[in-house]
There are 2 protein chains.
Amino acid sequence: MKKLIEKIAQMQAPIVVGLDSLLDYIPEYIKEKAIKENPNPFDAAAQAILEYNKAIIDAICDVVPAIKPQAAYYELYSWQGMKALYETVQYAKNKGMAVIMDGKRNDIGSTMQAYAAAHLGKTAVGSVEAEAFGSDCLTVNGYLGSDGIQPLLGICSQEDKGIFVLVKTSNPSSGELQDKKIVDKTIYETMGAMCEGWGAQTANHYGYSAVGAVVGATYPDQLTEMRGKMPHTFFLVPGYGAQGGGANDVKGAFDANGLGAVINNSRGILTAWKKAGTDGRDFAQQARKAALAMKEDICSVIPQIVLPKA
Amino acid sequence: MKKLIEKIAQMQAPIVVGLDSLLDYIPEYIKEKAIKENPNPFDAAAQAILEYNKAIIDAICDVVPAIKPQAAYYELYSWQGMKALYETVQYAKNKGMAVIMDGKRNDIGSTMQAYAAAHLGKTAVGSVEAEAFGSDCLTVNGYLGSDGIQPLLGICSQEDKGIFVLVKTSNPSSGELQDKKIVDKTIYETMGAMCEGWGAQTANHYGYSAVGAVVGATYPDQLTEMRGKMPHTFFLVPGYGAQGGGANDVKGAFDANGLGAVINNSRGILTAWKKAGTDGRDFAQQARKAALAMKEDICSVIPQIVLPKA
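Model, not experiment: these values are computed from the prediction.

(A) Just the interface of chain B and chain A, in detail. Facing the 68 residues of chain B at the interface are 68 residues of chain A. Of the roughly 5,500 Å² buried where chain B meets chain A, counting both sides, 63% is carbon and sulfur surface. Considering only the surface of chain B that becomes buried against chain A, Trp 79, Val 125 and Tyr 143 of chain B emerge as the three largest contributors, covering 14% of it. Between the two partners, chain B and chain A, sit four salt bridges. Of the charged contacts in the structure, one is a salt bridge between Asp 107 of chain B and Lys 104 of chain A, with a shortest N-O distance of 2.8 Å. Across the contact surface, chain B and chain A share 39 residue pairs in polar contact (both at pLDDT 80 or more). Ranked by residues supplied to the side of chain B that touches chain A, first place goes to helix α6 (residues 109-119) of chain B with seven residues.

See the structure below:
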C-alpha cells in the first residue's frame, strides 16, 4: 500500500487502469496473428491478451501508477489465460507499476491463507519458494467475517502488501444487501467499520492502513459519507467512466492532501481507440491519451497531492 | 444440478469429496518424484497434485457422486496449478463425476458473465468455442446482489448447471456479519430468501432449483432452520469432519426423501492415510475407505434417498 500511495503522489495521478482485457477490446490485427500462430484457441487468446497488455503497460507506465487486472477475464481463457495474467503482473512490476489483483477472493481462514500466498506472498514447494502471481494488492469480500481477512493482515504488514475489501460496490443492485440496515447502520457502514478495525492491526503509512476498501463512484453520496467514517482506509473506486461516474462523483473520496483514493477506469482506457474511430493500430497511444485526460479530469477537482510527514 | 441430484440418489451417497489438494496431504514418494522430474517448482507441484487427484478420483468414482476442488489451492501454484485444476475437472467428468468448483466468485454483472462462461459455460475465441474449466456447479458470494447472480441463471437452466450461494458459512467468525439482524431477519436468512427468489427463475428438478446454498455443518440449528425456510434450495454443506461437524449436525439439512443436501469432506478423506498411520502408498484406498465410512455415517441418520416423481 505504501508503494501505491508513493507512486500516486510522485505521478500526481490517483488513477489505476483496469486491465479487463476482453478479446472484443483488442484490435483485429493482433487477434488474427495470434489465431494464425496458435492452433489452440486459448493459446491464441492468451498470446493476443499478453501482447495487448504489454503495449498498454509500455504506453502508460510513466503516467499511471498501477494496473488492476480483473481475474475473471483471464480465467475465461483457462490456464493459458492465467499464464497471461501471471506474465502481465510480472511485466507491470518490472516497469515499476503497482499491481492490484481484482479477484474479490473470500473463504474460511485456512483457505484464505492459500489465497494470500497465491496473490500477495510466496508458495513453498519442497525447499524452494516462488511467487505464484505476486501482486501488490488483492480485492477481497468480507462476507465471512474476520477469519477470512486475518490471514492476509500479516503478509500486508511484513511485505508492504495491501487488500481492498468490498464495502459499497458500484453495480446497480449493490443496495439490495449493502444498503439494508442493522439497527441504525447500513451493512456497508458495518463492513466499513470492520475494515477500520482490521486496518488498525497493520502498518500505517501516510495516514492509511494496509486494509483498503472498494467504494463505487456510482454512489457519490455514500463515497463522501464513507470517506468521513473511514479516515484510515484507502479507497479503490470503480465506476468512473463507462459505468457512469465522473470527476465530481469521486471528489468526495479524497482527503485534504489529495490522498485517500485511487480511481479505476477499464473500458474507457482500453477501448479509447474505438471511441477515436481508428483501426486500432494506435490502441496503446489512445490508451495513454485517455489516461492523461482522466488524470487531468480528476486532478482538476482535488487538491495537489502531498504526502504528509510522519 | 439435475445430474448431481440423480447421481446422489443412484449411489445413495449425499457426499462430495473436497479436493483441497495441499502438498502437505500428498505422500512423500509422489512429491519427490515430481520434484526430481521438474526443475520448476510449480511444474513439480502441479504434477504431484494431478497424479494424486487422479488416483483419488479412480478410487472413489463408483461410490462418491462429486468432487469439489477448492480454487485457492490451485492458484497457489500459479498457472501450472490452474492447469492441474483444469485437468482434474476433465478427468473427474470423464469418470462420470459431477464437479463443484469452489471459487466463491463474485463481481458486477459484466464480470460475472465472464466467470459464468469460465467455470460453467464455454468461451468463444474467433469462430471456435471451448470449455475453459467446464465444471457443473460453482460456489458464489451474493454480497453484490442480483446483478452479480443473474448472469449465471441462464446458463444454469440451459445447460443443467448449478450455483451454490454463500448463506451461512462454516467458519467461526461467520456470524460477525451473517447473524446480524435486518429488522427481524438475519443477514443469512435475507440471503436465503434471495436464493429462493433467484432459484424460481431457473429449471426445477426433483423439487430443487439450480440455485443452491452453502450452509455450514458447524451451525446445526441454523442448518435445520434454513432447510425449513428454503424448501427449493439444495444445500452444499461444508464443515463435516475436520471442522467439527458430525452426522447428527447435518441431519437437519435433508428433506423427507433424503434429498436436499450434499455434505462435503476434504481433509478427512484426503489425509485418511495419515490418520491410518501408513506411509501413504495406500492413500487412494484409505480415501475410499474414509468416503465409504462417511457415506454410512450420514445415511444412518437420514431416510433412504428417493427421487420424487414430477
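(B) Spotlight on the relation of the copies chain B and chain A. Once chain B has been moved 0.0 Å along the axis and rotated by 180°, it coincides with chain A to within an RMSD of 0.0 Å. The superposition of one copy onto the other is thereby described by a two-fold rotation axis. It is Ile 182 of chain B whose C-alpha, among those of chain B, lies nearest the rotation axis, at 2.4 Å.

(C) Geometry of the pattern of salt bridges. Summed over all chains, the structure comprises 30 salt bridges over all chains. Among the ionic pairs, Asp 102 of chain A bridges to Lys 68 of chain A, the shortest N-O distance being 2.7 Å. A residue pair is termed long-range when its members are at least 10 positions apart, and Asp 102 of chain A in strand β3 (residues 98-105) and Lys 68 of chain A in strand β2 (residues 66-69) qualify at 34 residues. Residue Asp 102 of chain A shares its accessibility class with Lys 68 of chain A, and that shared class is buried. Via salt bridges that share partners, Lys 68, Asp 102 and Lys 104 of chain A together with Asp 107 of chain B belong to a single interconnected network.

(D) Layout of the sheet that holds β2 of chain A. Residues and elements named next belong to chain A. Read around the barrel, eight strands follow the order β1-β2-β3-β6-β7-β10-β11-β12 and close on themselves; strand pairing throughout is parallel. On average, adjacent strands in this sheet sit at an angle of 30° to one another, irrespective of strand direction. Relative to strand β12 (residues 261-265), strand β11 (residues 235-237) is paired through three bridges, and the arrangement is parallel. Looking at the pairing, Leu 236 lines up with Val 262 of β12. Across the sheet, helix α5 (residues 78-94) touches β1 (15-19), β2 and β3, and the angle it forms with β3 is around 150°.

(E) View of α6 of chain B. Across the 11 residues that make up α6 of chain B, a large majority, nine, are buried. Among all positions in α6 of chain B, only Gly 109, Thr 111, Met 112, Ala 114, Tyr 115, Ala 116, Ala 117, Ala 118 and His 119 of chain B are buried. Residues of α6 of chain B that are buried in the fold lie against α4 (72-75) and β3 of chain A together with β3 (98-105), β4 (123-125), β6 (137-140) and α7 (150-159) of chain B.

(F) Spatial organisation of the packing of helix α2 (residues 28-37) of chain A against helix α3 (residues 41-60) of chain A. Residue and element names in this part refer to chain A. Two elements in contact, α2 and α3, have axes separated by 8 Å at closest approach and are oriented at 140°. For the pair α2 and α3, the sense of crossing is right-handed. Of the residues in α3, those in contact with Ile 30, Lys 31, Lys 33, Ala 34, Ile 35 and Glu 37 of α2 are Ala 44, Gln 47, Ala 48 and Glu 51. For the contact of α2 with α3, the residue count by class is five nonpolar, one polar and four charged.

(G) A look at the side chain of Lys 31 of chain A. Residue and element names in this part refer to chain A. With respect to the element layout, Lys 31 can be found in helix α2. Polar side-chain contacts of Lys 31 include one of 2.8 Å to the backbone oxygen of Leu 23. Among the polar contacts listed, one links the side chain of Lys 31 to the backbone oxygen of Ile 26, at a separation of 3.3 Å.

(H) Region of the structure containing helix α10 (residues 220-229) of chain A. All names here are of chain A. Of the residues making up α10, those classed as buried are Gln 222, Leu 223, Met 226 and Arg 227. With its buried residues spanning 140° around the axis, α10 presents them on a single face. Away from the buried face of α10 by more than 90 degrees, exposed residues Asp 221 and Gly 228 are located. Elements in contact with the buried residues of α10: β7 (162-168), α9 (187-199), β10 (211-215), β11 and α11 (247-250).

(I) Inspection of the packing of aromatic side chains at higher detail. Residue and element names in this part refer to chain A. Tallied over the entire structure, the rule returns seven aromatic pairs over all chains. Consider the rings of Tyr 52 and Phe 283, whose centres lie 4.9 Å apart with planes at 15°: the pair is stacked. Of this pair, Tyr 52 sits in helix α3 while Phe 283 sits in helix α14 (residues 283-299), and the two are 231 residues apart along the sequence. Here Arg 281 stacks its cationic end above the ring of Tyr 29, 4.0 Å away from the centre of that ring.

(J) Local environment of the pairing of β7 of chain A. All names here are of chain A. Among the seven residues in β7, seven count as buried, and that is most of the element. Here four bridges tie strand β6 (residues 137-140) to β7, and the two strands are oriented parallel to one another. When the sheet's bridge partners are listed, Cys 137 is paired in β7 with Gly 162. For the crossover that starts at β6, traverses helix α7 (residues 150-158) and ends in the parallel β7, the hand is right-handed.

(K) Broad picture of the nonpolar core. In terms of nonpolar packing, the biggest core is built from 231 residues, with Tyr 143, Ile 163 and Phe 235 of chain A together with Ile 163 and Phe 235 of chain B touching the most fellow members. What Ile 163 of chain B contacts, discounting residues up to four positions off in sequence, is Met 1, Leu 120, Leu 138, Val 140, Ile 149, Leu 152, Leu 153, Cys 156, Ala 210, Val 211 and Gly 212 of chain B.

(L) Local environment of the sheet that holds β3 of chain B. All names here are of chain B. Read once around its circumference, the closed barrel built from eight strands follows the order β1-β2-β3-β6-β7-β10-β11-β12, with strand pairing classed as parallel. Shown here is a sheet whose adjacent strand axes are inclined to one another by a mean of 30°, direction ignored. In this sheet, β3 lies alongside strand β2 (residues 66-69) in parallel orientation, the contact comprising two bridges. Residue pairing across strands places Ile 67 opposite Val 99, the latter belonging to β3. Running at roughly 155° to β3, α6 makes contact with β3 and β6 of the sheet. With respect to the sheet, helix α10 (residues 220-229) is in contact with β7 (162-168), β10 (211-215) and β11 (235-237), its orientation differing from that of β11 by roughly 170°.

(M) Representation of the environment of Pro 231 of chain A in the model. All names here are of chain A. Structurally, the position occupied by Pro 231 is in the loop between α10 and β11. The class of Pro 231 is partly exposed, set by a relative accessible area of 41%. Not counting residues within four places of it along the chain, the set of residues in contact with Pro 231 comprises Glu 196, Gly 207 and Tyr 208.

Reading the values: rules and limits
- Residues numbered from 1 in each chain as written.
- Chains lettered and ligands numbered in written order.
- Predicted model: local features only at pLDDT ≥ 70, side-chain atom pairs only at ≥ 80, totals over all residues.
- Heavy atoms only, no water.
- Contact = heavy atoms within 4.5 Å.
- Buried area = accessible area lost by both parts, 1.4 Å probe.
- Salt bridge = Lys/Arg side-chain N within 4 Å of Asp/Glu carboxyl O.
- Polar contact = N/O pair within 3.5 Å; in protein donor to acceptor, adjacent residues only side chain to side chain.
- Helix = DSSP H or I, 4+ residues; strand = E, 2+ residues; numbered from the N terminus.
- Least-squares fit on C-alpha atoms with pLDDT ≥ 70 in both.
- Buried < 20%, exposed > 50% of the residue type's maximum accessible area, 1.4 Å probe, protein only.
- Pairing = 2+ DSSP bridges.
- Axes fitted to C-alpha atoms, helices over the stretch in contact; angles between N-to-C directions.
- Left-handed = near helix turned anticlockwise from the far one by under 90°.
- Nonpolar A, V, L, I, M, F, W, Y, C, P; charged D, E, K, R; others polar.
- Arc of directions from axis to C-beta.
- Phe/Tyr/Trp six-rings, centres within 6.5 Å; stacked < 30°, edge-to-face > 60°.
- Lys NZ or Arg CZ within 6 Å of the ring centre and 35° of its normal.
- Right-handed = clockwise from strand over helix to strand, strands pointing away.
- Core = buried A, V, L, I, M, F, W, Y, C linked by side-chain atoms within 4.5 Å.

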